[in-house]
Amino acid sequence: MSKFISFFVLILMMFGCAEHKVVVHEPLKNELLAYTSKSEIIDGADRTLIIATYLNPIYNSNLDQSKEHFLVAINPKEYAQNLKNIKVNNDSNATNARLLDENDEMLKFTGFSMPWAVYYEVTAPSKQSDNLSLSFEIYQSKPVLLNFRKVAKSLYWNQ
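Residues numbered from 1 in each chain as written. Predicted model: local features only at pLDDT ≥ 70, side-chain atom pairs only at ≥ 80, totals over all residues. Heavy atoms only, no water.

**Some words on the overall build of the protein**
Here comes step 1: Along the backbone of the protein there are 3 helices and 8 strands.
Here comes step 2: For the protein, the succession of helices and strands along the chain, N to C, is α-α-β-β-α-β-β-β-β-β-β.
Here comes step 3: Per-residue burial over the protein gives 38% buried out of 159 residues.
Here comes step 4: Long-range contacts, defined here as pairs at least 24 residues apart, represent 64% of the contacts in the protein between residues at least 6 apart.
Here comes step 5: For the protein, the accessible area works out to roughly 10,400 Å², and carbon and sulfur atoms hold 54% of it. (Helix = DSSP H or I, 4+ residues; strand = E, 2+ residues; numbered from the N terminus. Buried < 20%, exposed > 50% of the residue type's maximum accessible area, 1.4 Å probe, protein only. Contact = heavy atoms within 4.5 Å. Areas by Shrake-Rupley, 256 points an atom, 1.4 Å probe, with all protein chains shown as cover.)

**As for the packing of aromatic side chains**
Describing an aromatic ring pair means giving the distance of the ring centres and the angle of the ring planes.
Here comes step 1: If you walk through the whole model with that rule in mind, you get 4 aromatic pairs.
Here comes step 2: Geometrically, the ring pair formed by Tyr54 and Phe70 is tilted, given 5.3 Å between the ring centres and 35 degrees between the ring planes. Of this pair, Tyr54 sits in strand 2 (residues 46–54) while Phe70 sits in strand 3 (residues 67–75), and the two are 16 residues apart along the sequence.
Here comes step 3: Owing to a relative accessible area of 0%, Phe70 belongs among the buried residues under this scheme.
Here comes step 4: Taking the centre distance of 6.4 Å and the plane angle of 45 degrees together, the rings of Tyr54 and Phe148 count as tilted. Of this pair, Tyr54 sits in strand 2 while Phe148 sits in strand 8 (residues 142–149), placing them 94 residues apart in sequence.
Here comes step 5: An aromatic cluster of three or more residues is present, and its members are Tyr35, Tyr54, Phe70 and Phe148. (Phe/Tyr/Trp six-rings, centres within 6.5 Å; stacked < 30°, edge-to-face > 60°.)

**Some details on the pattern of salt bridges**
Should their charged atoms come close, side chains of opposite charge can pair.
Here comes step 1: Summed over the entire model, instances satisfying the criterion amount to 5 salt bridges.
Here comes step 2: Of the charged contacts in the structure, one is a salt bridge between Glu68 and Lys150, with a shortest N-O distance of 2.9 Å. Of the two residues, Glu68 sits in strand 3 while Lys150 sits in the segment after strand 8, which places them 82 residues apart along the sequence.
Here comes step 3: Salt bridges sharing partners connect three or more residues here, namely Arg98, Asp104 and Glu121. (Salt bridge = Lys/Arg side-chain N within 4 Å of Asp/Glu carboxyl O.)

See the structure below:
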């Protein structure tokens, strides 16, 4: 009988002390993740992480609709001195990269925050394509290729 009571008390303690986690549903962050792509450059002990988000589908009313807008984060900062050979769908015509300072208004559009990274806004003329590929070179001419869908499959279609 004492084993039963001890077991019962142990079970009550486990469930009584367990944390009840509240899951916060953030639809905007989920949508941003649907339009985010990542790449990593590994060169010996050196690692570079590149994360980019295609902003047009989510913030279309706040952006110039005649351009494709990307927000690119590069970590570590030392490897993000300048982006070279920037192309969207293999076209470098009028494609620009602007280094953002830590108080720039464009940073409010990001769904993630990496204070140890450098952020760029990359813009290009609007493309008539379902898929977009953003390519550039950083860190000793290492190529980066990030792919995006202009209309990503919604996270809510299957609900």
